[in-house]
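Coordinate inspection notes
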Amino acid sequence: MYQAPRGTADILPEDQPLWSFTAAAVTQAAYVHGYRRIDTPIFEETGLFLRTVGEETDIVQKEMYSFDDRGGTNITLRPEGTAAVSRAYLESSMHNQAQPVRLFYLCPMFRYDRPQAGRFRQFHQFGVEAIGDTNAAVDLEVIQLAMDTMRRLGLGGMKLLLNNIGDAADRPRFIEALQEHFRPHISHLGKDDRRRFDTSPLRLLDSKELSAESFMYDAPKSTDFLGGEAQAHWDELLAYLNDLQVPYVIDNKLVRGLDYYTRTVFEVHPDREGAQSAVCAGGRYDGLIEQLGGKPTPGIGFAAGIERLILNLREQGATAGIVPPAPIVIAYSGTKAKAKAAGIATELRAADVAAVLAPERSMKAQMRYASSIGARTVILLGPKELENGVATVRDMETAEQKEEPQTRLLESLSN
RNA sequence: GUGGGCGUAGUCGAGGGGUUAAGACGCCUGGUUGUGGCCCAGGAGAUCGAGGGUUCAAUUCCCUCCGCUCACCCCA
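The rules behind these values
- Position numbers for residues count from 1 along each chain, tracking the sequence in the order it is written.
- Chains carry letters from A onward and ligands carry numbers from 1 onward, assigned in written order.
- Predicted model: local features are reported for residues with pLDDT of at least 70 only, side-chain atom pairs are reported and counted for 80 or more only, and whole-chain, interface and lining totals are derived from all residues.
- In computing side-chain values, all of the structure's heavy atoms are included and hydrogens and water are not.
- In these notes, residues near a molecule or strand are those with any non-hydrogen atom within 4 Å of it.
- Think of a polar contact as two N or O atoms within 3.5 Å of one another; within protein, one of them needs to be a possible hydrogen donor and the other a possible acceptor, and neighboring residues in sequence only count if both atoms come from side chains.
- The helix count covers DSSP runs of H or I at least four residues long, the strand count covers runs of E at least two residues long, and both are numbered beginning at the N terminus.
- Where each domain starts and ends follows an automatic or database-derived domain assignment.
- By definition, two strands form a pair when at least two bridges between them are found by DSSP.
- Axis lines are fitted to C-alpha atoms, over the contacting stretch for helices. Their N-to-C directions set the angle, which ranges from 0 to 180 degrees.
- Any two residues whose heavy atoms approach within 4.5 Å at even a single point are treated as in contact.

1. Side note on the protein's contact with RNA strand B
In the vicinity of RNA strand B there are 48 residues, among which Arg111, Arg119, Arg196, Arg256 and Leu380 approach most closely. The contact atoms of RNA strand B, taken as those within 4 Å of the protein, divide so that sugar and phosphate hold 52%. Between Gln125 and RNA strand B, the recorded distance is 2.8 Å, taken from a side-chain N or O atom to a sugar or linking oxygen. When contributions to the surface near RNA strand B are tallied by element, the ones reaching two or more residues are helix H3 (58-62), strand E6 (122-131), strand E10 (280-284), strand E11 (299-305), helix H12 (363-372), strand E14 (377-381) and helix H13 (383-388).

So this is what it looks like as structure tokens:
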């Protein structure tokens, strides 16, 4: 027996109502903020991710699904959305459109990781990108869009964590300060953290291994190293959030695992404790487009994990979602009636009424079938009905039946 | 890559070194004259995750592997 590959899962019919609901909610959140949908290919040239996500990141180091295609091009199943959307922005010359360009996506991502609760090798992200405007009002908008998404989903108790890691130009001074701070404690660092000390010192800040260490409390804060413009931008954003009474928590330990982030970074977490708790994360990436060969172009966005959103919805007891109605079942006895039943099914479907034939079994079994798939109406055809040109219409909830002329079936069903 | 837990029919789940491995749900059939949900009866469905070892004998004990799952790392 074949099984779905490790870390993947079928989204079964019974799962679909919650998925549809989630997709509809996030899409609506994006629309009311003026974002338009974009779909990019599932795979890209590997170099795109190497360049943007960062050679030293875990995503690139150990999580990418990469392979040479038959033409010898190295291909990678996309592990995240921002790089691909930025590529599309450049490729379609969206800088010629009114700025900022507001885009969103809802699609599968791939990361070769050990699966666990809320983490999969193929998973889905809802993400938004606002490209071409550095204004703090756009940061506000993106953050509000993230929180509005939670609200529309009905997810309560979501916490907004916020930080500012400064511009690329501010980074060297901050990194220097970090290394200076940690250098005396380097003997306390584990193997991984010692490597980070050199390769990505920012990540020392969110090391869980060190989180209890006393020297973490007075570690340098990125917000103390902001340049003039970044500082003004940060102050402006915080002022907006305060004015609009958007609750947030500044977390100076919050740094992102992807290299392209600048200035604003944020995450949304549920209140509960637990692993992989971030349901949504993002930030500004003012250097990314330029790094891909475009003119210097600012951008900001976030991505939310659909599976994690749904996990939280389930934990909060959500069940319903968008459930398509069960089809009308057409039961029959006799071969002539069977042919007539097929004809009626065809007519109903042409009028957008969902209909299926009952399986060819005893009348009792056909009714059982109708009942078990939740049909609200059964149309019954037998020799008696055929003779009179009628069909028996049975309401499965009230058990009431009436005969209708076969020519008037549609009208009688619509009331 | 590392560590913990688990692996008996579609699902849940009892059991035990030795002739036919419980039960429940689900599925199928029937309970007469063409009709569901309840009830009753019957039926199908399990090489007890795989391989090896111990033993006269293992699904039950031991080992390895595989899978699932949770956690670490990291991330949505």
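From this point on, the discussion continues.
2. Some thoughts on the domain arrangement of chain A
Here chain A is described as being made up of domain 1 (13-170 + 226-315) and domain 2 (328-414). Taking only C-alpha atoms, the centre of domain 1 and the centre of domain 2 are 50 Å apart.

3. Examining the sheet that holds strand E13 (residues 355-357)
Strand order in the open sheet formed by five strands is E13-E12-E14-E15-E16, and the pairing between neighbours is mixed. This sheet does not close on itself; its edge strands, each paired only once, are E13 and strand E16 (401-405). Mean inter-strand twist for the sheet, computed between neighbouring axes without regard to direction, equals 30°. Where strand E12 (residues 328-332) meets E13, three bridges bridge the pair, whose relative direction is parallel. In the sheet register, Val329 faces E13, and the bridge partner there is Val356. Relative to the sheet, helix H11 (residues 335-350) contacts E12, E13 and E14, its axis offset from that of E13 by approximately 165°. The sheet contacts of H12 involve E12, E13, E14 and strand E15 (390-395), and relative to E12 the element is tilted by about 175°.

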